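# Observations on the model geometry
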Amino acid sequence: MTLREKYGEWGIILGATEGVGKAFAEKIASEGMSVVLVGRREEKLHELGKEISAKYGVDHKVIRADFSQSGCTDQIFAETKDLDMGFMSYVACFHTFGKLQDTPWEKHEQMVNVNVITFLKCFYHYLGIFAKQDRGAIINVSSLTGISSSPYNAQYGAGKSYILKLTEAVACECAKTNVDVEVITLGTTLTPSLLSNL
């Protein structure tokens, strides 16, 4: 049974431009799911969508969104409301290095929005759809910084801990349903985002 057969026609990757998000998009497309690619860099998302459609014979949709902006989910939800949604992965993250008190407050607000608020809005929204139809899958992405804490990257680690613990709890709540929920915890992962921060 393919992912499309099990969960539905469309999957959404929140933070799909490169790295882990791109890998998720390619994986679900390889199992027949059409993909909604969401991120800030619209041109790169269109390029990725065309590649995926050509390679796997599925449809794609691109939504430009800045997860650090509080209202960004309105457009995402509006553009997917008529699709047969069956998969969601929240891969997006934002961090900045430095001591807590030395980091500009605006950066803290952006991190909270990306790593907590927008994540929760998306999780809540798509889980509600999947629970109602009693089918779907969610894979959220956490980090070892959410387990060990992360000095000089403290708020990022706290946000990843939030993603980890919330998803684990919801996975338990969904255990006796046809909605599969899990969280993966990544260590150091060689992605373009990591390389740009070195």
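Structural notes, computed from the coordinates. All figures in this text were calculated on a predicted structure; none of them were measured in a lab.

As a further point, take the pattern of salt bridges. Under the defined criterion, the tally for this structure stands at nine salt bridges. We note a salt bridge from E168 to K165, for which the minimum N-O separation is 3.3 Å. On the criterion of helical spacing, the pair formed by E168 and K165 is a turn pair, its members being three residues apart in helix α7 (residues 154-173).

With 29 residues, helix α5 (residues 105-133) ought to run about 42 Å at 1.5 Å a step, and its terminal C-alpha atoms sit 41 Å apart, in line with that. The sharpest bend along α5 measures roughly 45 degrees and falls at N113. Within α5, the full set of buried residues consists of H108, M111, N113, V114, N115, T118, F119, C122, F123, Y126, L127 and F130. In this structure, the buried residues of α5 make contact with β1 (10-14), α4 (72-80), β4 (85-90), β5 (136-143), α7 and β6 (179-186). Phi turns positive one or two residues past the end of α5, at D134, with a value near 55 degrees.

Moving on, we come to the packing of aromatic side chains. A complete count under the given rule lists six aromatic pairs for this structure. Seen in terms of ring centroids, Y90 and F119 are 5.5 Å apart; in terms of plane orientation they differ by 70 degrees. Their pairing is edge-to-face. Of this pair, Y90 sits in strand β4 while F119 sits in helix α5, and the two are 29 residues apart along the sequence. Grouping residues by exposure puts Y90 and F119 together as buried. Plain terms: the ring middles of F119 and F123 are 5.5 Å apart, the flat faces sit at 35 degrees to each other, and that makes the pair tilted. Of this pair, F119 and F123 both sit in helix α5, four residues apart, which is roughly one turn of the helix. Clustering of aromatic rings is evident, with ring pairs tying together F67, Y90, F119, F123 and Y162.

At a minimum axis separation of 10 Å, α4 and α5 run at an interaxial angle of 25 degrees. As far as their axial angle goes, α5 and α4 are roughly parallel. For α4 against α5, the interelement crossing comes out right-handed. Here C72, T73, I76, F77 and T80 of α4 come into contact with α5, specifically with T118, K121, C122, H125 and Y126.

The next subject is helix α2 (residues 19-30). Taking 1.5 Å as the rise per residue, α2 with 12 residues should run 16 Å; its terminal C-alpha atoms sit 17 Å apart, in good agreement. Among the residues of α2, G21, F24, A25, I28 and A29 are the ones counted as buried. One side of α2 carries all its buried residues, which in axial view fall inside an arc of 125 degrees.

Moving on to the nonpolar core. By size, the foremost hydrophobic cluster in this structure holds 30 residues, and its most contacted members are I12, L14, V38, F67, I76, M88 and Y90. The set of elements that each furnish at least two residues to this core consists of β1, β2 (34-39), α4, β4, α5, α7 and β6. Of all the elements, α5 adds the most residues to this core, at seven residues. Leaving out residues up to four positions away in the same chain, I12 has contacts with V36, V38, I76, T80, M85, F87, M88, S89 and Y126. Within the second largest apolar cluster, 21 residues are counted, among which are L3, A16, V35 and V141.

Reading guide: rules and limits
Residues numbered from 1 in each chain as written. Predicted model: local features only at pLDDT ≥ 70, side-chain atom pairs only at ≥ 80, totals over all residues. Heavy atoms only, no water. Salt bridge = Lys/Arg side-chain N within 4 Å of Asp/Glu carboxyl O. Helix = DSSP H or I, 4+ residues; strand = E, 2+ residues; numbered from the N terminus. Expected span 1.5 Å × (residues − 1). Bend = angle between axes of the 7 residues up to and from the residue. Buried < 20%, exposed > 50% of the residue type's maximum accessible area, 1.4 Å probe, protein only. Contact = heavy atoms within 4.5 Å. Phe/Tyr/Trp six-rings, centres within 6.5 Å; stacked < 30°, edge-to-face > 60°. Axes fitted to C-alpha atoms, helices over the stretch in contact; angles between N-to-C directions. Parallel < 35°, antiparallel > 145°, perpendicular 65-115°, else oblique. Left-handed = near helix turned anticlockwise from the far one by under 90°. Arc of directions from axis to C-beta. Core = buried A, V, L, I, M, F, W, Y, C linked by side-chain atoms within 4.5 Å.

These results come straight from atomic positions and should not be treated as a statement about function.
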